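Examining the three-dimensional arrangement
What follows is each chain in one-letter form.
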Number of protein chains: 2
Amino acid sequence: MTIRIDSRHLYLQVIDRLKDDIAKGVFQEKEKLPSEFELAKSLGVSRATLREALRLLEEENVIVRRHGVGTFVNPKPLFTSGIEHLTSVSSMIRSAGMEPGTIYLSSSKSFPSEKDIERFQCEKDEQVISIERVRTANGEPVVYCVDKVPSKYLPSDFLRRQEGSIFAAIEETGNIRVTHAVAFIDPSGFHAVASPILECKPETALLVLTQLHYDDNDQVVLFSKNYFKADKFSFHVVRKRV
Amino acid sequence: MTIRIDSRHLYLQVIDRLKDDIAKGVFQEKEKLPSEFELAKSLGVSRATLREALRLLEEENVIVRRHGVGTFVNPKPLFTSGIEHLTSVSSMIRSAGMEPGTIYLSSSKSFPSEKDIERFQCEKDEQVISIERVRTANGEPVVYCVDKVPSKYLPSDFLRRQEGSIFAAIEETGNIRVTHAVAFIDPSGFHAVASPILECKPETALLVLTQLHYDDNDQVVLFSKNYFKADKFSFHVVRKRV
DNA sequence: TTTACATCAGATGTCTGATCTCTACTGTTG
DNA sequence: CAACAGTAGAGATCAGACATCTGATGTAAA
């Protein structure tokens, strides 16, 4: 019996551990994993728990299981991590091999519009913080971002410190975790505000991501509109048949 | 082979059964499911098997489980079925509440280009079929489609019959099933070919979906490039934190 | 009456160890 | 050499137990 430092469920810890090991190449050798019996023993969990983890890893296409044969790691992380995985703009830029930066244009606190009230399901007197930024990749402007978030979700000193990710600030309190988002994808030609800021020629198209970010209680905690300079950026998504 | 009547794994059958029951509203009552013990008994499977099914349903956001409390059906199919689910253009149009139609522009059989050979991993002498179509919604052109598929994946009489989905034709033989695709998302301003065909004004932006369709052996079986008239169409994707 | 704490029932989480079924391999046989 | 039967080992499923969490209830103290 191991001491539970981590309070999360065991099967989740097993998943992380296995993903780590696969990433590190521990199991890579001939793309075959030890048998469930041995794996469970070496991880210190029961086979039932291990199987719950393996089943989810199979659903995620990390591994493949063949009845009577064995479990194999899937040798094709070729096209994972598409837009269907929620990550910050910073890490999107970084994973494209470039250095992210931020230029703050403005930030303000104001009372919510009717749309805001509907989006956030908040009261009329709950103030909303709006932030306008330009994100850069290797110094070049690539994304124009407009974010809106009810001030109750942010630390009180947020407006003063002009740095850091909004995600991190929202989750700083420990009570909220952004778990998923719905992103609406639209193309745009010339945009009166974004195009000049991004130093686009009029014929350069933009990709607009309008996003509603939810926490684990399905509350909208962040609304954002991102204008991507598409010639410097590429999006993909893995589509699965159902 | 792969002819499976009901020899699929038990946990998969349980998932289907539960989804069915939820869809039929059997469990709807107060959004609470029977306990795992009772459910397992009534389904005639062990608790371990039931739990594998429940774990996947939870991952799919169909249900929510709370330790010590119970299992609940999730009352929010609000934003499922985004672009991350692979469906045909026809059903995308239909689910937008419009009637899909097709205009065939051209279709031809030719030897593969170097890009084709790389995409499909085929031989130089294996011919490739190219199809050019316009898809309409309520009679109005909304998508310009260019499809490429090695002729070996299609029935020999395919070029003569100018109708039906390519998906269906590929799967007609029974040996191939398109399981997933990787879609690259790009905006486009004026496009010399697509814009006139779609009767777009020059300033109307297009959304371009360049897709590689895979079968269950991770073979590319279909390449397609779709130009969506974005003012008539809307895309969204559910992004999950990992 | 209200608050705080102890207790308990019932649910999910985890473990153990067994049996069933499938697959790849191997040696035998005609 | 091909066809077949046997076998070992892997995942699939099962049955039952104990652990832990949560919500509700009852009881005693403020």
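Rules behind the numbers
- Residues numbered from 1 in each chain as written.
- Chains lettered and ligands numbered in written order.
- Predicted model: local features only at pLDDT ≥ 70, side-chain atom pairs only at ≥ 80, totals over all residues.
- Heavy atoms only, no water.
- Helix = DSSP H or I, 4+ residues; strand = E, 2+ residues; numbered from the N terminus.
- Expected span 1.5 Å × (residues − 1).
- Buried < 20%, exposed > 50% of the residue type's maximum accessible area, 1.4 Å probe, protein only.
- Contact = heavy atoms within 4.5 Å.
- Buried area = accessible area lost by both parts, 1.4 Å probe.
- Salt bridge = Lys/Arg side-chain N within 4 Å of Asp/Glu carboxyl O.
- Polar contact = N/O pair within 3.5 Å; in protein donor to acceptor, adjacent residues only side chain to side chain.
- Nonpolar A, V, L, I, M, F, W, Y, C, P; charged D, E, K, R; others polar.
- Pairing = 2+ DSSP bridges.
- Near = heavy atom within 4 Å.

In this section: helix 3 (residues 47–59) of chain A. For helix 3 of chain A, spanning 13 residues, the distance from its first C-alpha to its last is 18 Å, which sits close to the expected 18 Å at 1.5 Å a residue. When we look at burial in helix 3 of chain A, the residues that qualify are Thr49, Leu50, Glu52, Ala53, Leu54, Arg55, Leu56 and Leu57 of chain A. Contacts from the buried residues of helix 3 of chain A go to helix 1 (10–24), helix 2 (36–43) and strand 1 (63–66) of chain A together with helix 1 (10–24) and helix 3 (47–59) of chain B. Positioned one or two residues after helix 3 of chain A, Asn61 of chain A has a phi angle of 70°, which is positive.

Before going further, it helps to spend a moment on the interface of chain B and chain A. Contacts between the two partners involve 48 residues from chain B, matched on the other side by 48 residues from chain A. Between chain B and chain A, a total of about 4500 Å² is buried, with carbon and sulfur atoms accounting for 55% of that surface. Our count for the chain B to chain A interface comes out at 6 salt bridges. A salt bridge links Arg51 of chain A to Glu52 of chain B; the nearest nitrogen and oxygen atoms lie 3.0 Å apart. Put simply, chain B and chain A have 28 residue pairs in polar contact (both at pLDDT 80 or more) between them. Elements supplying a minimum of two residues to the side of chain B that touches chain A: helix 3, helix 6 (166–171), strand 6 (178–188), strand 7 (206–215) and strand 9 (235–240) of chain B. Looking at which element gives the most residues to the side of chain B that touches chain A, the answer is strand 6 of chain B, with 10 residues. Partitioned by chemical class, the residues of the side of chain B that touches chain A number 24 nonpolar, 11 polar and 13 charged. Bridging between strand 9 (residues 235–240) of chain A and strand 6 of chain B involves 6 bridges; their strand directions are antiparallel. For Val238 of chain A, the partnering residue across the bridge sits in strand 6 of chain B and is Val182 of chain B.

A word on the protein's contact with DNA strand C. Close to DNA strand C lie 23 residues; Leu10, Thr49 and Arg66 of chain A together with Glu36 and Arg51 of chain B are nearest. Of all DNA strand C atoms lying within 4 Å of any protein atom, the proportion belonging to sugar or phosphate reaches 69%. At 2.9 Å from a phosphate oxygen of DNA strand C is found a side-chain nitrogen or oxygen belonging to Thr71 of chain B. Of all the elements in the fold, those that place two or more residues in the surface near DNA strand C are helix 1 and helix 3 of chain A together with helix 3, strand 1 (63–66) and strand 2 (70–73) of chain B.

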